[in-house]
Amino acid sequence: MLSGCGNGIEDPLDWEIEDFTYTNQENEEFGLADLEGEVWLADFIFTNCTTVCLPMTSNMVELQKQFKEEDLDIKIVSFSVDPLVDKPEVLKSYAENYGADFASWNLLTGYTPQSIDKFAMENFRTIARKPEDSDQVLHGTEFYLVDKNGVVMKSYNGVNPVVEDIISDAKILLAEE
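This structure is a prediction, so every number in the text was calculated from the model and none was measured.

Q: Describe the overall build of the protein chain, naming the residues involved and giving the relevant values.
A: Secondary structure summary: the protein chain contains four helices and 10 strands in total. Mapped in sequence order, the helices and strands of the protein chain form the string β-β-β-β-α-β-α-β-α-β-β-β-β-α. Over its C-alpha trace the protein chain gives a radius of gyration of 15 Å, about what one expects of a compact globule, namely 16 Å for 177 residues. Seen through its principal axes, the protein chain has C-alpha atoms that stretch 50 × 30 × 30 Å. The burial tally for the protein chain puts 49% of its 177 residues in the buried class. Long-range pairs, those at least 24 residues apart, make up 72% of the contacts in the protein chain between residues at least 6 apart in sequence. Entry remark: accessible area of the protein chain is about 8,700 Å², with carbon and sulfur atoms responsible for 46%. Here the protein chain carries 12 positive and 35 negative side-chain charges, and the mean point of each set is 2 Å from the other.

Next up, the structure:
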């Protein structure tokens, strides 16, 4: 039913993502080049979060299941905002506990706290900052839908996402050439 005639994303954000290559939960390099031609959903989390990351990660797992059920090829990328703690094996264990499927989900680390804060701000217009006197990180709670060209098209509340909106918008992006 969706065609290329004006059925695009409503009020797209159009935030282009700069090239990146980080380390995933398998301790392998993973970056924007690996996502070329893919529609993907991104978020910012950390493994020892005591508040928002728990529901966000649960919601992302549920979305991943929905994508599979509807046969939608959507990749998921979670950027750790606490890279000094979140080593690849820590991210892998964390995501396994939630039942994440690594066939389509990469959890990234391998950068400095300063560089992920800068990357988050410049590309996703969100904060990723760890106060010096805390083990918790201040970060955004949005899910970001990215098109096949690496452009952020929409953001959604990651704590209480409207799954139907994400699925609907993802289908629009998947249908685009």
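That was the structure; now back to the text.
Q: Now, about the packing of aromatic side chains: what can you tell me, with residues and values included?
A: Each aromatic ring pair is characterised by the separation of its centres together with the angle its planes make. Within this structure, the stated rule accounts for 15 aromatic pairs. Aromatic pair phenylalanine 44 and tyrosine 144: ring centres 6.3 Å apart, planes at 85 degrees, arrangement edge-to-face. Taken together, the residues span a long stretch of sequence, with phenylalanine 44 in strand β4 (residues 39–45) and tyrosine 144 in strand β9 (residues 142–146) at a distance of 100 residues. The buried category is assigned to phenylalanine 44, whose relative accessible area is 1%.

Q: Please provide a residue-by-residue account of the confidence of the model for the protein chain, values included.
A: Detailed reading of the predicted model is not advised wherever pLDDT is low. Summary statistics for the protein chain give a mean pLDDT of 93 and a share of 96% for residues scoring 70 or more. In this model residues 1–6 is a low-confidence stretch, pLDDT under 50, and it forms five contacts with partners more than four residues away in sequence or in other chains.

Q: Can you break down the sheet that holds strand β6 (residues 105–108) residue by residue, with the values?
A: Within a sheet, each strand pairs with its neighbour through backbone hydrogen bonds, oriented either parallel or antiparallel. Read from one edge to the other, the open sheet built from six strands follows the order β1-β10-β9-β4-β5-β6, with strand pairing classed as mixed. If you trace the sheet from one side to the other, it starts and ends with β1 (15–16) and β6, each paired once. Examined bridge by bridge, β4 and β9 share three bridges and lie antiparallel to one another. Counterpart to alanine 42 in the pairing with β9 is tyrosine 144. Its contacts with the sheet put helix α1 (residues 53–69) on β4, β5 (74–80), β6 and β9, and the angle it makes with β4 is roughly 165 degrees.

Q: Explain unusual backbone geometry to me, and be specific about the residues and the numbers.
A: For residues that are not glycine, phi is negative in most cases, and the peptide bond is trans in most cases. One non-glycine residue, aspartate 11, lies in the positive phi region at around 50 degrees. With respect to the helices and strands, the residue aspartate 11 is situated in the segment before β1. Owing to a relative accessible area of 61%, aspartate 11 belongs among the exposed residues under this scheme. Although it is not a glycine, aspartate 14 adopts a positive phi angle of roughly 55 degrees. Mapped onto the fold, aspartate 14 is located in the segment before β1.

The rules we used
- Residues numbered from 1 in each chain as written.
- Predicted model: local features only at pLDDT ≥ 70, side-chain atom pairs only at ≥ 80, totals over all residues.
- Heavy atoms only, no water.
- Helix = DSSP H or I, 4+ residues; strand = E, 2+ residues; numbered from the N terminus.
- Rg over C-alpha atoms; globule rule 2.2 N^0.38 Å.
- Buried < 20%, exposed > 50% of the residue type's maximum accessible area, 1.4 Å probe, protein only.
- Contact = heavy atoms within 4.5 Å.
- Areas by Shrake-Rupley, 256 points an atom, 1.4 Å probe, with all protein chains shown as cover.
- Lys, Arg positive; Asp, Glu negative; His and termini not counted.
- Charge placed at Lys NZ, Arg CZ, Asp CG, Glu CD.
- Phe/Tyr/Trp six-rings, centres within 6.5 Å; stacked < 30°, edge-to-face > 60°.
- pLDDT = per-residue confidence, 0-100.
- Pairing = 2+ DSSP bridges.
- Axes fitted to C-alpha atoms, helices over the stretch in contact; angles between N-to-C directions.

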